[in-house]
Structure formats: C-alpha cells, structure tokens
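Okay, here's what each chain looks like letter by letter:
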Amino acid sequence: MSNNVKAGAKKANPEKSHVAVHRASEQKPLPLGPGARMNARVIFALVLVALALWTASSFLPPLIWATILAIALWPLYLKFATRFMAGPSASAAFVFTVVIALILVTPISLAVFTIAQQSDMLIDWLKRAREGGVEVPDWVARLPIAAESMDQWWRANLSDPKAATAWMKTLNADNVSDLFTTFGTQLIHRLFLLFFSLLALYALLRSGRAVAGRVLETCDRLFGEAGEGLVEKMVDATRATVNGTVLVAVGEGLAIGVAYFVAGVPNALTFLIFTTAFAMIPFGAWLAFTAASIVTISEGGSGVAAAGVFLWGSIVMLAGDHFVWPWLVSGSARLPFLLAFVGIFGGLTAFGLVGLFVGPVIMAALLAMWREWIFRPVHTA
C-alpha cells in the first residue's frame, strides 16, 4: 500500500517540476540595457529637479531677479573690474554688488523714510477728524475740476463731527496702526529677499564664466548645436528688456520732472527721484506724479498747475510704456514689435513683476526655436 503511494508521488513530481520550469521561463529578466538605464537616469533627474524646485520655491523669485541682473550687468561688470580693479575676481564682484545695492536701496530708503514721517500725522489727523470734524481746506476751492462737488461732499461727510465719525468708522486709528505694523513686517521680509538676491548676484558675478560655461555645455549636450543659439537669444532678450526698462524709466522720470519744476511742485527733486525709480514698477510712476499733484494743491499751489502735472505725466507714461518701451525691447532683442508687446504685458499678467523680464525671454526662446530648430537648413552629404 505504502509502495503504491510512493510510486504515485514519484509520478506527480515530474509534472510539478515541468510546471515550475515553464513558469520560470515566463519570467523576464530586468531590462539592464543602455536604453533602460538612460530612461532611469532621466526619471531620477526629473524627480530631483522637481524636489529641488519645491524646496527652493520660496527663494525662486530672488534667484530669478539675481539671474536677470547678472545677465544684464555682466558687460558693465567686466568694464568695472577691468578699469577699477585687477580684473574679474571675488573682490571686484563684491564691490560691484555693493554699488548695485546702494543704487537699489537708496530710493526704497527715501520712500520708507517719507512714509514713516507721514504715518504719525495721518493717525493724528484721523483722531482729530473723529473728535471735531475736519474743515474744508483751502486747496479744495482751487481744484480745476469738480471743486464745488468736492466742497459739498467734504462738508457733508467730514466737517460735521457726527458725519465724520460715522464715515471714519472703517478707518479706525487702531486699524491704521495695525496696517503700518503689517507694512513693517512685510518690509522686513522684502528686505531679506533683497539681501538674498544681492548675495546670489555676488555669487553669479564671482563665478560667472564657470556658470556660463556649464550652461552652454549642458544646452549643447541636450539640444545639440542649436542649444547655444537658444541661450544667446535668451541672453539678448534679457539684456534688452532690462536696458529698455532702465532707459524708459529714466526718460519718463526726467520728462515728468521738468513738469514738477515748471509747476512749482514742493520738493520737486525728491519727486523726480521717486518718479524715476518707481517708473520701473507697473503704475509706480502714476502714484508718484499723482501724489505730486495732490501735494501741489495742498501746499497752496495752483490747481491748474497740479492738473497740468497729472495730464503731462499721463501722456508721458502712456507713450513710454505702450510704444517706446516695446519698441526698444523689440529692436535690441530682435523681436517683432507684437511679440515684444505680448511678452512684456502678458508676462506681467502671468508672472507678476518678474514677468516683465521673463515674458520677452520666453518669446525670444520661442522665436529662436521656431527659426533655428524647425527652419534650419538640413546639410546633406
């Protein structure tokens, strides 16, 4: 009996072994060829890049600003290092970065100092307005437009203490104090980002040649011969946008500044500096010459002169921002006017302030890719 069972088991074993061999033959070995390894490297690299971008997301804007400044200021830095230093070096990069920091920080410091001086006056004015109302100032009668309507509104809402208190409930002095506290916190945060951007600018200037060489080598390996051309187009677009922005801002500031002196604006030189600096920011110059017009009226100036300042500033800004600026960028970056216009204002809408420079760079890269990669003539043997 036991012998029969053993014999049956022996007969079954060959069948099991045959099934095991068949299953083993179905298992495929891991793909270890060059193509599979390359795919694994690409996936791993993309994952690392995504993790790096996510980690540095808070510092990407100042890094982008530093890169834009480094590309735009590189020719000027080389001239500075050659003329005043012993050539490009760590010390030359540090001194040049300090000079750029002073140029950037001075207008900001003046604006913050002016706002800080006026904050206490604004809070005291709000408290007095709630307690006893505010009399109609003399400059309201000198307004060139809607002087009578403004006088009636002021008497109905601000001259009467009860009406002034009701109207200013939303403008509580405590809320204004909180507003300035929040402004101070944001200012400290922005100054830290500015410091980090300047630190990154110093690093890029110090190692500019090495970084540029690595970038060109990477583009050449990834995209071939057309990679270097693509990088050159992007660099040209960056420098053209920065140079155009600075030139237009200086021109707009000087043109509007002439109106300040002609109209007798108080502290005309200070307003000229503010207008020139803020002209690089969207709607910044509009705030500057609007404030100059209001100050002119409030300090006893002519309403016609104040209106002239505002009208002349509007004409200069509309012409400079919508025609001169895109024309300069399109000419220097060799971009069609329409692409430069879309790049500037579309980039501003999509990416914020940094989009003013990123937008034209994207359009230049797109145009370079279209020209060089698609319509590049194919050389046949």
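Criteria and cut-off values
Starting from 1, residues in each chain are numbered consecutively following that chain's sequence as written. In view of the model being predicted, local features appear only for residues whose pLDDT reaches at least 70, and side-chain atom pairs are presented and counted only at 80 or more, with totals across whole chains, interfaces and linings using the full set of residues. To obtain the side-chain values, all non-hydrogen atoms of the structure were included, while hydrogens and water were left out. Numbering goes from the N terminus for both helices and strands, where a helix is a DSSP run of H or I of at least four residues and a strand is a run of E of at least two. Only protein chains enter the area calculation, which uses a 1.4 Å probe; residues under 20% of their type maximum are buried, those over 50% are exposed, and those in between are partly exposed. Note on contacts: a residue pair is in contact if any heavy atoms of the two residues lie within 4.5 Å. To be clear on the numbers: accessible area is Shrake-Rupley with a 1.4 Å probe, and residue cover counts the displayed protein chains and nothing else. Two axes enter the bend calculation: one fitted to the seven residues ending at the residue in question, the other to the seven starting there, and the bend is the angle between them. Grid points spaced at 1 Å over the protein atoms alone were grouped into cavities, where a 1.4 Å probe fits but cannot get out, and pockets, open sets with protein on both sides within 12 Å along at least five of seven lines, with lining residues defined by an atom within 4 Å of a point. Grid points are joined across faces, edges and corners, and a volume is the space filled by probe spheres set on the points. Residue type decides the class: Asp, Glu, Lys and Arg count as charged, Ala, Val, Leu, Ile, Met, Phe, Trp, Tyr, Cys and Pro as nonpolar, and the leftover types, Gly among them, as polar. Under this scheme, a helix contributes an axis fitted over its contacting stretch, all axes are lines through C-alpha atoms, and angles between N-to-C directions fall in the 0 to 180 degree range. Oblique is the label for any angle not covered by the other classes, which are roughly parallel (under 35 degrees), roughly antiparallel (over 145) and roughly perpendicular (65 to 115). By convention the crossing between two helices is left-handed if the near helix lies anticlockwise of the far one by an angle smaller than a right angle, and right-handed if it lies clockwise. Centres within 6.5 Å are what make two rings of Phe, Tyr or Trp a pair, Trp counting through its six-membered ring; a difference in plane orientation under 30 degrees is then read as stacked, over 60 as edge-to-face, and the rest as tilted. Residues belong to a common nonpolar core when they are buried Ala, Val, Leu, Ile, Met, Phe, Trp, Tyr or Cys residues joined through side-chain atoms within 4.5 Å. Any pair of N or O atoms that falls within 3.5 Å is considered a polar contact. Within protein, one atom must be able to donate a hydrogen and the other to accept it, and sequence-neighbouring residues count only if both atoms are side-chain atoms. Patch construction takes residues with relative accessible area above 30% that form no salt bridge. Like charges are linked within 9 Å, and nonpolar side chains (Val, Leu, Ile, Met, Phe, Trp, Tyr) are linked within 5 Å. The salt bridge criterion pairs a side-chain nitrogen of Lys or Arg with a carboxyl oxygen of Asp or Glu, the two atoms within 4 Å. One less than the residue count of a helix, multiplied by 1.5 Å, gives the span that helix is expected to have. Per-residue confidence from the predictor is reported as pLDDT, a score between 0 and 100.

Participant: Give me the overall build of the chain: which residues, what numbers.
Facilitator: Looking only at helices and strands, the chain has 15 helices and 0 strands in total. In the chain, which comprises 381 residues, the share counted as buried stands at 30%. In the chain, 64% of the contacts between residues at least 6 apart in sequence involve partners at least 24 apart. For the chain, the exposed surface amounts to about 24200 Å²; the carbon and sulfur share of it is 69%.

Participant: A description of the environment of Ile-64 should follow, citing residues and the corresponding values.
Facilitator: With respect to the secondary-structure elements, Ile-64 resides in helix α3 (residues 60-84). Distance in space between the C-alpha atoms of Ile-64 and Ala-200 is 9.5 Å, their sequence separation being 136 residues. When neighbours within four sequence positions are excluded, Ile-64 is seen to be in contact with Val-354 and Val-358.

Participant: Residue-level account of α3, with values.
Facilitator: Within an α-helix, residues lying three or four positions from one another point in the same direction, as the helix has 3.6 residues per turn. Along α3, the helix axis deviates most sharply at Trp-74, where the bend reaches about 55 degrees; the proline Pro-75 sits within four residues downstream. All of the buried residues along α3 are Pro-62, Ala-66, Ile-68, Leu-69, Ala-70, Ala-72, Leu-73, Trp-74, Tyr-77, Phe-80 and Ala-81.

Participant: An account of unusual backbone geometry is needed here, citing residue identities and associated values.
Facilitator: Located in the positive-phi region is Asn-267, a residue other than glycine, with phi close to 55 degrees. Position of Asn-267 relative to the elements: it lies in the loop between α10 (225-263) and α11 (268-278). Under the relative-accessibility criterion, Asn-267 is labelled exposed at 59%.

Participant: Go over the layout of surface pockets, please, and point to the residues and values.
Facilitator: Of the pockets and cavities examined, the second largest pocket occupies roughly 1000 Å³. For the lining of the second largest pocket, the secondary-structure elements that each account for two or more residues are α3, α8 (173-206), α9 (208-223), α10 and α15 (355-374). A per-class count over the lining of the second largest pocket returns 20 nonpolar, 4 polar and 5 charged.

Participant: Outline the packing of α11 against helix α12 (residues 284-298), listing residues and values.
Facilitator: As a packed pair, α11 and α12 sit with axes 7 Å apart at the nearest point and diverge in direction by 160 degrees. Considered as vectors, α11 and α12 are oriented roughly antiparallel to each other. In terms of crossing hand, the pair formed by α11 and α12 is left-handed. Residues Phe-271, Phe-274, Thr-275 and Phe-278 of α11 pack against Gly-284, Ala-285, Ala-288, Ala-291, Ala-292 and Val-295 of α12. The residue inventory of the contact of α11 with α12, partitioned by class, reads 8 nonpolar, 2 polar and no charged.

Participant: For the packing of aromatic side chains, give the residues involved together with the corresponding values.
Facilitator: Within the structure shown, the criterion is met by 13 aromatic pairs. Between Trp-74 and Tyr-77, the ring centres sit 5.4 Å apart and the planes meet at 45 degrees, which makes this aromatic pair tilted. Here Trp-74 and its partner Tyr-77 are both found in helix α3, 3 residues apart, which amounts to about one turn of the helix. In this pair, the class of Trp-74 matches that of Tyr-77, namely buried.

Participant: Report on the nonpolar core, specifying residues and quantitative values.
Facilitator: Core analysis: the largest hydrophobic core is formed by 18 residues, its most contacted members being Leu-73, Tyr-77, Ala-93, Phe-96, Ile-100, Leu-201 and Leu-205. Elements that contribute at least two residues to this core include exactly α3, α4 (90-132) and α8. Considering every element that reaches this core, the biggest residue donor is α3, with 8 residues. Sequence-distant contacts of Leu-201, that is, excluding residues within four places in its chain, are made with Ala-66, Leu-69, Ala-70, Thr-97 and Ile-100.

Participant: Give me the lowdown on the side chain of Thr-275, citing residues and values where you can.
Facilitator: You can see Thr-275 is positioned in helix α11. Polar contacts involving the side chain of Thr-275 include one to the main-chain carbonyl oxygen of Phe-271, which spans 2.7 Å. In this view, Thr-275 contacts Gly-253, Ile-256, Tyr-260, Ala-285 and Ala-288; residues no more than four positions away in its chain are not counted.

Participant: How would you explain a nonpolar patch on the surface if you had to name every residue and give the values?
Facilitator: Residues Ile-43, Phe-44, Val-47, Leu-48, Leu-51 and Trp-54 make up a contiguous nonpolar surface patch of roughly 680 Å² in combined accessible area. Relative to the helices and strands, Leu-51 is located in helix α2 (residues 34-55). A relative accessible area of 45% means that Leu-51 is categorised as partly exposed.

Participant: Lay out α12 with the relevant residues and their values.
Facilitator: A rise of 1.5 Å per residue sets the reference length of α12, with its 15 residues, at 21 Å; its end C-alpha atoms lie 21 Å apart and thus fit the reference within 8%. Inspection of α12 places Gly-284, Ala-285, Ala-288, Phe-289, Ala-292, Ser-293, Thr-296 and Ile-297 among the buried residues, and these make up the whole buried set.

Participant: So what's going on with the confidence of the model for the chain? Which residues, and what values?
Facilitator: Put simply, the chain has an average pLDDT of 75, and 67% of its residues get 70 or more. For the chain, per-element mean pLDDT is lowest for helix α1 (residues 2-26), which scores 51, and highest for α3, which scores 89.

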